[in-house]
Amino acid sequence: MAFKARGWRPPPPPLLLLLLWVTGQAAPVAGLGLGPDAELQIERRFVPDECPRTVRSGDFVRYHYVGTFPDGQKFDSSYDRDSTFNVYVGKGQLIVGMCVGEKRIITIPPFLAYGEDGDGKDIPGQASLVFDVALLDLHNPKDGISIENKVVPENCERRSQSGDFLRYHYNGTLLDGSFFDSSYSRNRTFDTYIGQGYVIPGMDEGLLGVCIGEKRRIVVPPHLGYGEEGRGNIPGSAVLVFDIHVIDFHNPSDSISITSHYKPPDCSVLSKKGDYLKYHYNASLLDGTLLDSTWNLGKTYNIVLGSGQVVLGMDMGLREMCVGEKRTVIIPPHLGYGEAGVDGEVPGSAVLVFDIELLELVVGLPEGYMFIWNDEVSPNLFEEIDKDGDGEVLLKEFSEYIHAQVASGKGKLAPGFDAEMIVKNMFTNQDRNGDGKVTAEEFKLKDQEAKHDEL
Ligand SMILES: [Ca+2]
Ligand SMILES: [Ca+2]
């Protein structure tokens, strides 16, 4: 038989499909001039509706097959080995023109297979072979990633760059649609720096240039994915399809961003460190998820600016704001709740959006003071405080005196703090020996002793 070259040995059955060449895609393939009993037949049993690409010479394919004789008796199956047959495709081979998802039945006459003698093992002489082939995967070693199905939000002020930290959801499938992983099933985003080699090269590239809120499909060939080895339930040499949804991203060098939406006509008194502020806010994520709202609670949030009562980004975002002003403050996680977030409330590494309205501002005292005099200080201060004139000031005397000064407008306590705590601290500072009484010697004005805090 001329077909068999000298030294020719039968190839293993799955490879046979690829060693046989066809002249075109029409099926059955006729006109080989060897008679009606010797036709090679290709039946396209199933062709998917979507077929963006077909197998070409030079591609790498993964397919399953079942090999039977015409009477249906099986002689080989990749399914039995639970492993696809993976191979490069040469020019004009039988699998050329197939789509991923396509199923073909290819009937090979004996003279194109193992001829009169069979393979000496499973395949007898004069046997026609019927291969039921399903193409699962297809790529070319020259492929880069491809980006498809982009849905980009209308407002996209910024696109991700190398070095940004991105939070996104994804569904991961293979080209044949089989699922391998999803962030949704873990109910938390996948968070990573991009462009820095923390993820597979295909994703590192595919996540560049995205907008917050964008959806896209990133198709990653195996050499930019998990290679010939695969990983977990990802088979070797598999093309990966990631459908992603970008929740947010930021750069570690980002500061907060402030957008003022409304300023009242008189916006001259601006908030500063030490001021007591009452404000409303909505806190949300960049994808619009509402986290918290004081409007819903029906009461303002009250803080002393610069005293560490809110996260740093919020403290920054509330500065130089006047009563009645409305602004949006965007806070990156390193100025918010960090990588940890707040359990059950704020996701880790989340960028936060605060819509703020300042309702009230009580001007604070100069830095370092918890109490100041509005008027001149009485020259007989100790004697005035020591009401019973026994030469010692007790906490009760001290407290009554300070409150009386505040009530009459002669003195002022720092706003936003517990007045009793301030008074007690002031008293303790004066009581140098800690015996619960302040003597005339212990009593000093702040001006007389630079380091001391109050009075
Ligand atoms: Ca006394
Ligand atoms: Ca004392």
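In what follows, the structure referred to is the one given above.
Remember, it's a predicted structure, so these values are computed and weren't measured experimentally.

Colleague: Teacher, can you tell me more about the coordination of the calcium ion (ligand 1) here?
Modeller: Reference geometry at the metal: tetrahedral coordination by four donors gives ideal angles of 109.5 degrees; octahedral coordination by six donors gives 90 or 180 degrees. The protein atoms that coordinate the calcium ion (ligand 1) are Asp386 (OD), Asp388 (OD), Asp390 (OD), Glu392 (O), Glu397 (OE) and Glu397 (OE), at distances spanning 2.1 to 2.6 Å. For Asp390, a relative accessible area of 43% puts it in the partly exposed group. Take Glu397: its relative accessible area is 12%, and that puts it in the buried class.

Colleague: It is not clear to me how the environment of Asn302 should be interpreted in this structure. Could you clarify?
Modeller: With respect to the helices, strands and loops of the structure, Asn302 is situated in strand 16 (residues 301-304). Taking the relative accessible area as the measure of exposure, Asn302 reaches 33% and is therefore partly exposed. Along the backbone, Asn302 and Gly416 are 114 residues apart, and their C-alpha atoms lie at a distance of 7.7 Å. Look past the residues within four positions of Asn302 in its chain and what remains in contact with it is Tyr276, Leu277, Lys278, Tyr279 and Gln309. For Asn302, the side chain forms a polar contact with the side chain of Thr300, separated by 2.7 Å.

Colleague: Got a minute to help me understand the packing of aromatic side chains in this structure?
Modeller: For any pair of aromatic rings, geometry is given as the distance between the ring centres together with the angle between the planes. Going through the model one piece at a time under the given rule, you end up with 22 aromatic pairs. A ring pair is formed by Phe180 and Phe242, whose centres lie 5.6 Å apart and whose planes are at 90 degrees; its orientation type is edge-to-face. Of this pair, Phe180 sits in strand 9 (residues 179-182) while Phe242 sits in strand 12 (residues 240-250), placing them 62 residues apart in sequence. When its relative accessible area of 7% is taken as the criterion, Phe180 is described as buried. Taken together, Tyr63, Tyr65, Phe69, Phe75, Phe85 and Phe131 form an aromatic cluster joined through their ring pairs. Its guanidinium or amino end placed over the ring of Tyr262, Lys326 lies 5.9 Å from that ring's centre, counting from NZ or CZ.

Colleague: Honestly, unusual backbone geometry in this entry has me stumped. Any pointers?
Modeller: With the exception of glycine, most residues fall at negative phi, and the peptide bonds are largely trans. Phi angles above zero are rare outside glycine, and Asp82 is one such case at about 60 degrees. A positive phi angle, near 60 degrees, is found at Ser237, a position not held by glycine. Ser237 sits in the buried class, given a relative accessible area of 8%.

Colleague: Teacher, can you tell me more about the coordination of the calcium ion (ligand 2) here?
Modeller: Protein coordination at the calcium ion (ligand 2) comes from Asp431 (OD), Asn433 (OD1), Asp435 (OD), Lys437 (O), Glu442 (OE) and Glu442 (OE), with a distance range of 2.1 to 2.5 Å. For the calcium ion (ligand 2), the six donor atoms in the first shell make angles of 53 to 157 degrees at the metal, so the coordination geometry reads as irregular. If you list the donors of the calcium ion (ligand 2) from N- to C-terminus, the spacing comes out as D-x1-N-x1-D-x1-K-x4-E. Residue classification places Asn433 among the exposed residues on the basis of a relative accessible area of 52%. Exposure remark for Asp435: the relative accessible area of 40% places this residue in the partly exposed category.

Colleague: What should I look at first to understand the pattern of salt bridges in this one?
Modeller: Side chains that carry opposite charge are capable of pairing whenever their charged atoms lie near each other. Summed over all chains, the structure comprises 22 salt bridges. Between Asp132 and Arg45 there is a salt bridge, with the nearest N and O atoms lying 2.9 Å from each other. You can see Asp132 sitting in strand 6 (residues 129-139) and its partner Arg45 sitting in strand 1 (residues 41-46), a full 87 residues away along the chain. With its nearest N and O atoms 2.8 Å apart, the salt bridge here joins Glu214 to Arg216. As far as burial versus exposure is concerned, Glu214 and Arg216 are alike and both buried.

Colleague: What should I look at first to understand the state of the cysteines in this one?
Modeller: Two cysteines, two sulfur atoms, one covalent bond between them: this is a disulfide. Tallied over the full model, the rule gives three disulfides. Each sulfur in the disulfide pair Cys51 and Cys99 lies 1.9 Å from the other. Between Cys51 and Cys99 the disulfide shows an S-S torsion of about -95 degrees. By sign, it is left-handed. With Cys51 in the loop between strand 1 and strand 2 (60-68) and Cys99 in the loop between strand 4 (85-88) and strand 5 (103-108), this residue pair connects regions lying 48 residues apart in the sequence.

Colleague: In this structure, what is going on with the packing of helix 8 (residues 395-408) against helix 9 (residues 419-430)? I would like to understand it.
Modeller: The packing of two helices is summarised by the inter-axis angle and the distance between the axes. With their axes 10 Å apart at the nearest point, helix 8 and helix 9 run at an angle of 125 degrees to one another. One finds that helix 8 runs oblique with respect to helix 9. Viewed along their axes, helix 8 and helix 9 form a crossing whose handedness is right-handed. Between helix 8, through Leu395, Phe398, Ser399, Ile402 and His403, and helix 9, the contact on the second element is made entirely by Ala419, Glu420, Val423, Lys424, Met426 and Phe427. Looking at side-chain class alone, the contact of helix 8 with helix 9 contains seven nonpolar, two polar and two charged residues.

Colleague: Help me understand helix 9, please; the structure alone is not making it clear to me.
Modeller: Quick reminder: α-helices carry 3.6 residues per turn. Residues three or four places apart thus point the same way. Spanning twelve residues, helix 9 covers 17 Å between terminal C-alpha atoms, matching the ideal 16 Å at 1.5 Å per step. Burial in helix 9 covers these residues: Ile422, Val423, Met426, Phe427 and Gln430. End-on, the buried residues of helix 9 take up no more than an arc of 130 degrees, which puts them together on one face. Elements that come into contact with the buried residues of helix 9 comprise strand 19 (371-373), strand 20 (392-394), helix 8, strand 21 (411-413) and strand 22 (437-439).

Colleague: When you look at the pairing of strand 3 (residues 74-77) in this model, what are you seeing that I'm missing?
Modeller: Put simply, side chains in a regular strand alternate between the two faces of the sheet. In terms of strand pairing, strand 2 meets strand 3 through three bridges, oriented antiparallel. Bridge pairing in strand 3 links Val66 to Ser77. In textbook terms, the turn of a hairpin is the stretch between consecutive antiparallel strands, and for strand 2 and strand 3 this stretch comprises five residues, one of which, Gly72, has a positive phi near 95 degrees.

The rules behind the values
Residues numbered from 1 in each chain as written. Chains lettered and ligands numbered in written order. Predicted model: local features only at pLDDT ≥ 70, side-chain atom pairs only at ≥ 80, totals over all residues. Heavy atoms only, no water. Donors = N, O, S within 2.8 Å, 3.2 Å for Na, K, Ca; no water. Buried < 20%, exposed > 50% of the residue type's maximum accessible area, 1.4 Å probe, protein only. Helix = DSSP H or I, 4+ residues; strand = E, 2+ residues; numbered from the N terminus. Contact = heavy atoms within 4.5 Å. Polar contact = N/O pair within 3.5 Å; in protein donor to acceptor, adjacent residues only side chain to side chain. Phe/Tyr/Trp six-rings, centres within 6.5 Å; stacked < 30°, edge-to-face > 60°. Lys NZ or Arg CZ within 6 Å of the ring centre and 35° of its normal. Tetrahedral: all angles 85-135°; square planar, octahedral: opposite > 155°, others 65-115°. Salt bridge = Lys/Arg side-chain N within 4 Å of Asp/Glu carboxyl O. Disulfide = S-S within 2.5 Å. Axes fitted to C-alpha atoms, helices over the stretch in contact; angles between N-to-C directions. Parallel < 35°, antiparallel > 145°, perpendicular 65-115°, else oblique. Left-handed = near helix turned anticlockwise from the far one by under 90°. Nonpolar A, V, L, I, M, F, W, Y, C, P; charged D, E, K, R; others polar. Expected span 1.5 Å × (residues − 1). Arc of directions from axis to C-beta. Pairing = 2+ DSSP bridges.

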